[in-house]
Amino acid sequence: PPGGSGNRSHDGTDNYGLLVDSGSDSRGTEGRVLAPIRIHQQFNATPEQIYAAWTQADILSRWFFPKHSWSCFVVNDLKPGGLFHCEMTNTEGFVHAFKGTYRQLDFPRAIAFTWSSLIIDNSMVRVLLEPVDGGTLLTLTHDGLKSSEAVQYHIAGWTGCLDQLNQMVALGMG
């Protein structure tokens, strides 16, 4: 498993903390479900802290956007079957809205939820948290994407969001 600060190379591999894998068949045709995205990143925080960052709306709103200059508004009903709604706003004022339903909440090890937006409906995201020396190894899997465009868009989005989380952790989660 990778470890470190979250820097990565463009080919999807790195030696610094983040590994992105969209499977061997991520170029499919429109409408066909492609191989899931898997992202691994180590954080210098406990699984309990990372779990809270993913589940508490006030903390989630401080990092859940792909670029530092963006903002995020989150509302969630934290229970299995509970709904969440997120609006990321970019610097031009465009709002990227997402919604979903929590399917699994296993403190402090796992979170699973459906993910729907303008470009994808009812995909599934799983976040697994494993304690490791010095912190937590996070594995994010996003399944159910149906176009190579959606895969690339979500790889960029998830890696950007995890970069923001890593920066928040480095600053003491404050």
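Computed from a prediction, not measured in an experiment: that's the story for all the values here.

Rules used in this analysis
- Residues numbered from 1 in each chain as written.
- Predicted model: local features only at pLDDT ≥ 70, side-chain atom pairs only at ≥ 80, totals over all residues.
- Heavy atoms only, no water.
- Axes fitted to C-alpha atoms, helices over the stretch in contact; angles between N-to-C directions.
- Helix = DSSP H or I, 4+ residues; strand = E, 2+ residues; numbered from the N terminus.
- Parallel < 35°, antiparallel > 145°, perpendicular 65-115°, else oblique.
- Left-handed = near helix turned anticlockwise from the far one by under 90°.
- Contact = heavy atoms within 4.5 Å.
- Nonpolar A, V, L, I, M, F, W, Y, C, P; charged D, E, K, R; others polar.
- 1 Å grid on protein atoms, 1.4 Å probe; cavity = no way out; pocket = protein on both sides within 12 Å on 5 of 7 lines; lining within 4 Å.
- Points joined across faces, edges and corners; volume = space filled by probe spheres on them.
- Buried < 20%, exposed > 50% of the residue type's maximum accessible area, 1.4 Å probe, protein only.
- pLDDT = per-residue confidence, 0-100.
- Pairing = 2+ DSSP bridges.
- Expected span 1.5 Å × (residues − 1).

1. With respect to the packing of helix α1 (residues 47-55) against helix α3 (residues 148-170)
Move 1: As a packed pair, α1 and α3 sit with axes 12 Å apart at the nearest point and diverge in direction by 125 degrees. Judged on the interaxial angle alone, α3 and α1 are oblique. The two elements α1 and α3 cross, and the hand of that crossing is right-handed. Counted together, Ile-50, Ala-53 and Trp-54 of α1 and Trp-158, Leu-162, Leu-165, Met-168 and Val-169 of α3 form the full contact between these two elements.
Move 2: Along the lines of polarity and charge, the residues of the contact of α1 with α3 split into eight nonpolar, no polar and no charged.

2. So, the layout of surface pockets
Move 1: Considering only enclosed or pocket space, the second largest pocket measures out at about 190 Å³ in volume.
Move 2: Looking at the second largest pocket, it is lined by 13 residues, and the ones nearest its centre are Pro-66, Met-88, Phe-98, Tyr-153 and Gly-157.
Move 3: In terms of residues, the lining of the second largest pocket owes the most to one element, α3, which gives six residues.

3. Description of the environment of Asp-133
Move 1: Checked against the element boundaries, Asp-133 lands in the loop between β7 (123-132) and β8 (135-143).
Move 2: Asp-133 sits in the exposed class, given a relative accessible area of 77%.
Move 3: Spatially, the C-alpha atoms of Asp-133 and Asn-44 are 9.0 Å apart, while their sequence positions differ by 89 residues.

4. Quick notes on the confidence of the model for the chain
Move 1: In the predicted model, the chain carries a mean pLDDT of 86, and 82% of its residues have values of at least 70.
Move 2: In the predicted structure, residues 1-17 sits below a pLDDT of 50 and forms 40 contacts with residues beyond four places in sequence or in another chain.
Move 3: pLDDT under 50 marks residues 24-28. Its contacts with residues more than four places away, or in other chains, come to eight contacts.

5. A short note on the pairing of β7
Every regular strand shows the same layout, with side chains that alternate between the two sheet faces.
Move 1: The pairing of strand β6 (residues 110-115) with β7 spans six bridges and is classified as antiparallel. Pairing of Ile-111 across the sheet is with Val-127, part of β7.
Move 2: Here β7 runs beside β8; their pairing, made up of nine bridges, is antiparallel. In the sheet register, Glu-130 faces β8, and the bridge partner there is Leu-137.
Move 3: Once β7 ends, the chain turns through two residues before running back antiparallel as β8, passing Gly-134 with a positive phi of about 80 degrees.

6. Considering α3
Move 1: Look at α3: 33 Å from first C-alpha to last across 23 residues, which is about the 33 Å you get at 1.5 Å a residue.
Move 2: At the exit of α3 stands Gly-172, carrying a positive phi of roughly 90 degrees.

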